[in-house]
Structure formats: C-alpha cells, structure tokens
Amino acid sequence: MSKVLWNYLLVIPALFGGLVGLVVLCSATNAAEVEKTAQPTQQVTSEITPTGITQKTSSNAEPLGDTVKLPVLGVSSDRTEQVTSVSQLSDVQPTDWAFQALQSLVERYGVIAGYPDGTFKGNRALTRYEFAAGLNAALDRLNELIATSTGDLVRKEDLATLQKLQEQFAAELTTLRGRVDALETRTAKLEATQFSTTTKLQGLAQFFIGDTFGHGVNSNRNNTNVFFSYRATLALQTSFTGKDQLTTSLTAVNVPVLSGAVFPGGTTPLTGTSQTRFNVERNTFYTDGSVYLDRLFYRFPLGAKTTVWIGPRALAPAVFTPTLNPLIGNAQTGTLSRFALFNPVIYRPGFDGAGLAFAHKFNNQFQLNAGYVVDDGLANNPGGNATNKGGLFGNSYEALGQLTFTPSRSLDISFAYARKYFPAPVPVGTGSTAAFGSGYNITGGTGTSFAILPFAANPTSSDNFGLQVNWKASSVVNVGGWFGYTLAHQEGTTNDATIINGALTLAFPDLFKKANLGGLVFGVPPKVTSNDVTARVNKDTSLHLEGFYTYRVNDNISITPTVFVILNPQGDSGNDPIWVGAIRSTFNF
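On a predicted model such as this, the values are computed, not experimentally measured, just so you know. (Residues numbered from 1 in each chain as written. Predicted model: local features only at pLDDT ≥ 70, side-chain atom pairs only at ≥ 80, totals over all residues. Heavy atoms only, no water.)

**Brief notes about the overall build of the chain**
Of regular secondary structure, the chain possesses nine helices and 17 strands. Looking at the 589 residues of the chain, the share that counts as buried comes to 48%. A separation threshold of at least 6 residues defines the contact pool for the chain, and within that pool the share at least 24 residues apart is 67%. Carbon and sulfur atoms make up 61% of the accessible area of the chain, which totals about 26800 Å². (Helix = DSSP H or I, 4+ residues; strand = E, 2+ residues; numbered from the N terminus. Buried < 20%, exposed > 50% of the residue type's maximum accessible area, 1.4 Å probe, protein only. Contact = heavy atoms within 4.5 Å. Areas by Shrake-Rupley, 256 points an atom, 1.4 Å probe, with all protein chains shown as cover.)

**Topic: the pattern of salt bridges**
If you walk through the whole model with that rule in mind, you get seven salt bridges. With its nearest N and O atoms 3.8 Å apart, the salt bridge here joins Lys514 to Asp510. Lys514 sits in the exposed class, given a relative accessible area of 67%. Each of Arg313, Asp352 and Asp376 takes part in salt bridges that share partners, so that together they form one network. (Salt bridge = Lys/Arg side-chain N within 4 Å of Asp/Glu carboxyl O.)

**Notes on the pairing of strand 7 (residues 366-375)**
For strand 7, the buried fraction is high: seven of the ten residues fall into the buried class. Of the pairings in the sheet, the one linking strand 6 (residues 353-361) to strand 7 comprises nine bridges and is antiparallel in character. Bridge pairing links Phe358 to Ala370 in strand 7. With nine bridges joining them, strand 7 and strand 8 (residues 397-408) adopt antiparallel strand pairing. (Pairing = 2+ DSSP bridges.)

**Points about empty space enclosed by the protein**
The final tally for this structure, using the stated rule, is three cavities of 30 Å³ or more. By volume, the second largest cavity amounts to about 40 Å³. Lining the second largest cavity are Asn325, Pro326, Leu327, Ile328, Asn470, Asn478, Gly480, Thr505 and Ala507. Where the lining of the second largest cavity is concerned, the elements lending two or more residues are strand 12 (477-490) and strand 13 (496-509). For the lining of the second largest cavity, the per-class residue count stands at four nonpolar, five polar and no charged. (1 Å grid on protein atoms, 1.4 Å probe; cavity = no way out; pocket = protein on both sides within 12 Å on 5 of 7 lines; lining within 4 Å. Points joined across faces, edges and corners; volume = space filled by probe spheres on them. Nonpolar A, V, L, I, M, F, W, Y, C, P; charged D, E, K, R; others polar.)

**What about the nonpolar core?**
By size, the foremost hydrophobic cluster in this structure holds 24 residues, and its most contacted members are Trp309, Leu315, Phe320, Ile346 and Leu400. Within the residue set of this core, elements represented by two or more residues are helix 6 (317-320), helix 7 (344-347), strand 6 and strand 9 (411-422). Core analysis: the second largest hydrophobic core is formed by 13 residues, Val253, Leu258, Phe564 and Val580 among them. (Core = buried A, V, L, I, M, F, W, Y, C linked by side-chain atoms within 4.5 Å.)

**Considerations on helix 5 (residues 170-193)**
Along its 24 residues, helix 5 runs 35 Å from first to last C-alpha, staying within 8% of the 34 Å computed at 1.5 Å per residue. Those residues of helix 5 that sit buried are Glu172, Leu173 and Leu176. (Expected span 1.5 Å × (residues − 1).)

**So, the packing of aromatic side chains**
According to the stated counting rule, one finds 15 aromatic pairs in the structure shown. Each ring, one from Phe207 and one from Phe228, has its centre 6.2 Å from the other, and the planes form 85°; the classification is edge-to-face. Here Phe207 is found in strand 1 (residues 199-213), whereas its partner Phe228 is found in strand 2 (residues 227-238), with 21 residues between them in sequence. Look at Phe207 and Phe587: their rings are 5.2 Å apart centre to centre, the planes differ by 55°, and that puts the pair in the tilted class. Placement of Phe207 in strand 1 and of Phe587 in strand 17 (residues 578-588) is noted, with a sequence separation of 380 residues between them. Accessibility expressed as a relative area gives 26% for Phe587, which makes it partly exposed. Feature note: the residues Tyr372, Phe393, Tyr397 and Tyr421 constitute an aromatic cluster, connected by ring pairs. (Phe/Tyr/Trp six-rings, centres within 6.5 Å; stacked < 30°, edge-to-face > 60°.)

**As for the side chain of Asn516**
You can see Asn516 is positioned in the loop between strand 13 and strand 14 (517-531). Within the local environment of Asn516, its side chain forms a polar contact with the backbone nitrogen of Arg552, the two atoms lying 2.9 Å apart. Residues contacting Asn516, with those up to four places away along its chain left out, are Phe508, Pro509, Asp510, Leu511, Tyr549, Thr550, Tyr551 and Arg552. (Polar contact = N/O pair within 3.5 Å; in protein donor to acceptor, adjacent residues only side chain to side chain.)

**Examining the confidence of the model for the chain**
The share of residues in the chain with pLDDT of 70 or more is 74%, and the mean pLDDT across the chain is 80. Below a pLDDT of 50 lies the segment residues 1-63, which in the model reaches 191 contacts outside its immediate sequence neighbourhood of four places, other chains included. Low confidence marks residues 429-438, where pLDDT is under 50. Its contacts with residues over four positions away, or in another chain, come to 30 contacts. (pLDDT = per-residue confidence, 0-100.)

**Observations regarding unusual backbone geometry**
Residue Ala456 is not a glycine yet carries a positive backbone phi of 60°. If you trace the backbone, Ala456 turns up in strand 10 (residues 454-457). The phi dihedral of Phe512 is positive, around 70°, even though this residue is not glycine. The topology assignment puts Phe512 in the loop between strand 13 and strand 14. Take Phe512: its relative accessible area is 75%, and that puts it in the exposed class.

**Description of the environment of Pro569**
By secondary structure assignment, the location of Pro569 is in the loop between strand 16 (557-567) and strand 17. Overall, the relative accessible area of 0% leaves Pro569 in the buried class. Spatially, the C-alpha atom of Pro569 lies 8.3 Å from that of Thr541, the residues being 28 residues apart in sequence.

**Focus: the environment of Ser462**
If you trace the backbone, Ser462 turns up in strand 11 (residues 460-474). Classification of Ser462 as buried rests on a relative accessible area of 0%. Sequence spacing of Ser462 and Ala418 is 44 residues, and the spatial spacing of their C-alpha atoms is 8.1 Å. Leave out the neighbours within four places in its chain, and Ser462 touches Ala418, Arg419, Lys420, Ile442, Thr486, Leu487 and Ala488. A distance of 3.0 Å separates the side chain of Ser462 from the side chain of Asn464, its partner in a polar contact.

As structure tokens, this is what we get:
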C-alpha cells in the first residue's frame, strides 16, 4: 500500500469525527448568533466609540458626524473554550441516546464546543447547507491530517460513511464552492473600483420646510413666510490601522438663523430669540450655500481602554463625550431644535473647538471623558485680535471632565463639570469680513439673551455643572433628561450670576413601525435666576415644549415633522408664545 493511501486510511476516524463535530459547531454558532440577536442590546459595550458609550450617546451633535464607530478595542468572545470532557456539557446526561457518540467526539477527537452557558443544546436542528459547510471543513481537515501523518486506526465503516456523505451532499458542496468563487470575483472587482483602501465616503443631504407663528419678541405679529432650505455634508472617514479614524467633512447650508431681529438683507422681523434656533442652521461666519470645512479631527486608541482625540476644527465636547441623549439628541432622526439636543452649558462651548481629549473606560460601570478645546477661529493665530490673545492658551476655551456611571444595562448617569472663559467679542461679519474667533455665549446659543450674555459683552468666566440621565424603561420607551447649573463671573469685577436649565425627554423607538421614532421634550431653556447686574435677570421662566415623529421610508431616507413652542419667550410672560413648525427630509448615502 502506498504511503499516500496509508495516510488517508489513518486519518479517516479523525476526519469523520471532525466532520460531525464541525457540523455541530456550525449549528451551535448559528444558534448562538440567533440568540444573541434576540437579546437586548447592552447599554455599554467594551469599546470606546467617537461619542463615548455606544448605546447612550447622542449619535450626532450635528448631522453626519461620527457615523462610523471606533473598531472594538477589546472584545470578549461569546463562545466557550473547546471542551475536553463531555461532563463539561451540563445538559448532556449518560442516559442520552447520543452520549457515547458525543463522548467519542469530545474526548477522542476534541471537536466539540458548547454554548457560553456550558450547554450543548443537542435538540437544535441544522440545515443541509450547514451540514454541507461542516463537511467541506472536514475535507479541509483531512488534508491537514495527511500532511502531518497523524490519526488512529482506520475503520471501513468510517470510509464508507464518508463516501456516502460526499455523494449525498455533492450538490450542496458544489453550490458552496460556486458561491465562494462568485464572492472572490466580486471582491476583486470591488477592490479594483473602490474609492480608497483607507477611506470611506459618506454623504448626508437634508431638506427643511418650516415657518414660525405668533408674536416675535419686541416686534409686531410674525409675518414670516414659509421657508425652504437645505444642508448637505460630505464626510471622509479614514482609518489607517482599522482602529483609528480621521474625520474630514465639507458642508454647505442655508438654514436660516431664526433668532435674528430680521433676515440678513431683509426687513421682516424674525422671532428675536435664540430659543427658537434649529440645530442645523448656517454658520454666521460663512455666506449661504458656501462650502466650508465642517470638521477635521483624528481619533486613535491608546492601549485597550483609552481613546484619544485631537483636532484643529470642530472638536466639540459632544464628539468625545457621551451626552446620554441617544435618540432625542440625534440631528438626523431626532429633535430639530437646538436646545433639545443635549445639556447646552456642558456640550456646547459657544464656539467651534480645536484641542485635545480622551476617554478611559475603567470597567463596564465607569468611564471618564475629559478634554480641552479653544475657539478654532483663533487657535492658529498667535497674535490674536483686539480682545483675544489667540493661540491655544490666550483664547476662549472650555475644559471639560465627565464621569459616566452605568449601574445596569438599562441606566446611565453622568456627572460633568466644564470651565469656560470668554474675552470680550469683536464685531462679527460674514464672508471676507468675518471676524473669526468672535464666538461668545455662555450657554451655547440657547436660552435667553441674558443667559447668553449675563454681563453684556464683557470678559466672562463660568463654572458649569451638569447631571445627565438616560433610562431605557422598556423596549418601547426611553426616559432621559438633564439639569445644568452655571455660576458666571465678570472678569475684573465682583459681579456674579446664576444660570439654570433642564429638560425631560421621552423617546418612543419603533413607534407604529420598526425603525420609526417618536419624541417629546419638556424643558426650561437657560435663564438667569440671579445677577449682581440686576437689570439682566429673567423675571419669568421660559418653557420649551416639543414633539416630533420620524418616519423611516427606507434605510437611507427618513421624514420628520416637528413642532415646538416657546412659552414666555426671553423669560418674560409679557411676550406671547412663539411656535416653530418644520418638516425635515434626510437622505443618507
């Protein structure tokens, strides 16, 4: 008998055992995936993503943003180690009819693996394709064993069984090999025509139709017309190692800033309050429709539990810190108002940021996020301007630290502190006359005018404290909210002011249809409750009431009608309510 034939005969028992074992393993793996899909999604995973905690952060402070998640830094397998004794399978008893067969496969060939809970689940059925896949894997194992000339004594029954299985599943094996060949051809074609081997291009386009109703602040009855506007973003998501990500995005937008007294170049009064602002309006430093660099920052892992961000353009706290408003605070499918995205005194610095940040995950219960960002309009200017020294340390800045606590899979709580400083602003222009680095507002462009500028345009520092909560009460209801407390100080004087804000959010995922979303927001926008400058105190409390419903047409298109009302605008009960209605259409590609 030739050596090759002898090697074949030697490995038949191992081949047959490997065949059965691999088929069982294939079935068990498939079942594990099914069960895993049926389990509720954990609130905090073992990875640190661009927004911190995967399930609990706002998916986006602005549209598009970090839609690509950071690859897993440390993931534990959901399968057990290969068992070495049949006694390790808790649901297999010596009285079972297949006990001896399993014992042989486990202890003689070592080809059986159980489920994570230490069970075998022997009653689960498998498909013919699963069996064929196992047979194909066993044939591959045959070649390995022949190459090493290992195996036990051969039995004619094993050889006959193998031959019978090959004949019985010949069609399935042919189909599988055909599918593999087709996949290889398709993969080669995609590699030859792909945009880049390191970069993924993502796009977002949004259409907005809206209007405001009611008296504007300190103006006659609102006579605005229905407007139609857009925002479009192209983002390049680049990874050099598979675990890092460079974000570069370009944006053009002409959504109006409703807080203005009049529209630029027009005469019709608008609402006159920042409490009516959208979260996607145009940047006042750019003209309508101009294309500008929207974001530029880089994220990379530092060890298994730490992620670092660095960026010269639009590195905002909501990028590197979990805001705990994942459904309502999504600018693609959630709220349309600026205030309802998240706690504004913590996650809105009042300018576009440039700086450095990190996130460290201690364990499944605790995570720390911290960062330092400055006004990116003057970060590159060592000479500054009339009131701002510019650069990294003479500029407007926010230094932020947040500890997130996850006591259970359904509850997240965070405690945040942010220190902010603003020098006196300089006049703001547009286009070529824009005074970059003029960002100046304590409350991130939300709330009353007194809250934004508690000491008018004088240099101001503030200590901001935030408590954020998100509770997944059930599969159909998420309850969240925040409370913000700000102590502001006018530099060079003894003047101090207190500012508060808060909100309660209710999100209803899969409302009426899978992947749809309903949302309600009840909030108090930032208001000044006390101030040594007594003329700049809000005597009344404004209320923000909002409702929206996102209908997902398909995976790439959604439509969101939204309406919100501001009661006691500008913290003055003498002002009539202002209503804002809009329909947002979102296209992802």
